[in-house]
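Analysis of the macromolecular model
What follows is the residue order along each chain.
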Amino acid sequence: MKKILLFLCTFSILSAFAAKPKNQYVRIKTEFGECIIKLYNQTPLHRDNFLKLVKSGYYNGVLFHRVINNFMIQGGDPDSKNAKPDSLLGEGGPKYTIPAEFNDSLFHKKGILGAAREGDDVNPAKASSGSQFYLVQGKVFTDQQLDNLEEKRLKFKIPQWQREIYKTIGGTPHLDRNYTVYGEIVMGLDMVDKIAALPTNKNDRPKQDVKMEVTVLKKREVKKLEKQLLQGGLKDKMVM
């Protein structure tokens, strides 16, 4: 009986170590710093596609080729690797799209990872690009600005708890339910601000190339990160 109990305990411990983390995280490194992104489990098609590309090294050396201050920074076009300064970018990617995965609880607050896509005129289903993505910088909104957006552009009411975030942290609410969001920055948000502030040309491409290196966090890194995030959250609650 003791041997059976010992076996069961050992099996449980090994299973715990072998189990996949509840959340997947990726790191984006640039010369302007790095950020860590938590991928949403609520958008599994986008999550799994992004992980597949990251693990294959698809994004390494790719540029943030489109940057608009107070809006977002966009990358993921493989044609941007070693592109000439005058090259018009934004059309490259794998030969597939990903079905939209809209979720009312996932919205475009600052730091969101979202999927770029072609316009509604050629893409009424709002399917996402196979590789191109953006990180939201956005701006802070007033109640009046949000009311105007609801009436003239969104055609739906922004939940009150989301309004409070748009009024404090900021974001890009006009993209909600139009572009799939599938992750958020949990560390290193200042990287987005630094890149968004760079001078750009007429095509919104930074005059200085901003290359990225993207990797998936390992289990031990995830464990350490989530401990840090928990401690930070508890500290914030104590202050409040």
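In what follows, the structure referred to is the one given above.
What comes next is a walk through the structure. (Residues numbered from 1 in each chain as written. Predicted model: local features only at pLDDT ≥ 70, side-chain atom pairs only at ≥ 80, totals over all residues. Heavy atoms only, no water.)

Here we look at a negative patch on the surface
A contiguous patch of negative charge, built from Asp79, Glu91, Glu118 and Asp121, is present on the exposed surface. Along the polypeptide, Glu118 turns up in the loop between strand 6 (112-115) and strand 7 (128-129). (Patch = residues over 30% accessible without salt bridge, like charges linked within 9 Å, V, L, I, M, F, W, Y side chains within 5 Å. Areas by Shrake-Rupley, 256 points an atom, 1.4 Å probe, with all protein chains shown as cover. Salt bridge = Lys/Arg side-chain N within 4 Å of Asp/Glu carboxyl O. Lys, Arg positive; Asp, Glu negative; His and termini not counted. Charge placed at Lys NZ, Arg CZ, Asp CG, Glu CD. Helix = DSSP H or I, 4+ residues; strand = E, 2+ residues; numbered from the N terminus.)

Re the pairing of strand 8 (residues 133-136)
Of the two faces of strand 8, both are covered, the one formed by Phe133 and Leu135 as well as the one formed by Tyr134 and Val136. Here four bridges tie strand 4 (residues 72-75) to strand 8, and the two strands are oriented antiparallel to one another. Bridged to Gly75 within strand 8 is Phe133. Here strand 6 pairs with strand 8 via three bridges, running antiparallel. (Buried < 20%, exposed > 50% of the residue type's maximum accessible area, 1.4 Å probe, protein only. Pairing = 2+ DSSP bridges.)

Some details on helix 2 (residues 44-55)
Between the first and last C-alpha of helix 2 there are 16 Å, a value that for 12 residues agrees with the 16 Å anticipated at 1.5 Å per step. Taken residue by residue, helix 2 has His46, Arg47, Asn49, Phe50, Leu51, Leu53 and Val54 as its buried positions. Positive backbone phi, approximately 80 degrees, marks Gly57, located one or two places after helix 2. (Expected span 1.5 Å × (residues − 1).)

Thoughts on helix 4 (residues 160-168)
For helix 4, the set of buried residues is Gln162, Arg163, Ile165 and Tyr166. Each buried residue of helix 4 lies within a common arc of 160 degrees when the element is viewed along its axis, so the set occupies one face. Looking at the buried residues of helix 4, the elements they touch are helix 3 (143-154). Following helix 4 by one or two positions, Gly170 adopts a phi angle in the positive range, close to 95 degrees. (Arc of directions from axis to C-beta. Contact = heavy atoms within 4.5 Å.)

Topic: the side chain of Arg27
Take Arg27: it is sitting in strand 1 (residues 24-30). On the basis of relative accessible area, Arg27 is assigned to the buried category, the value being 17%. Ignoring anything within four residues of it in the chain, the contact list for Arg27 reads Glu34, Cys35, Ile36, Glu213, Val214, Thr215, Leu217 and Glu221.

Focus: the nonpolar core
Counting 30 residues, the largest nonpolar core has Ile28, Phe64, Phe133 and Leu135 as the members making the most contacts within it. Mapped onto this core, the elements with two or more residues apiece are strand 1, strand 2 (33-39), helix 2, strand 3 (64-68), strand 6, strand 8, strand 9 (181-187) and helix 5 (190-196). When residues no more than four places from it in sequence are discounted, the contact partners of Ile28 are Gly33, Glu34, Cys35, Ile37, Phe64, Phe133, Leu135, Met191, Met212, Glu213 and Val214. (Core = buried A, V, L, I, M, F, W, Y, C linked by side-chain atoms within 4.5 Å.)

Remarks on unusual backbone geometry
Backbone geometry places Asn82, a non-glycine residue, at a positive phi of 60 degrees. On the secondary structure map, Asn82 appears in the loop between strand 4 and strand 5 (97-98). Relative accessible area serves as the criterion here: at 70%, Asn82 is assigned to the exposed category. Here Lys126, not a glycine, exhibits a phi torsion of approximately 60 degrees, which is positive. Following the sequence through the fold, Lys126 ends up in the loop between strand 6 and strand 7.

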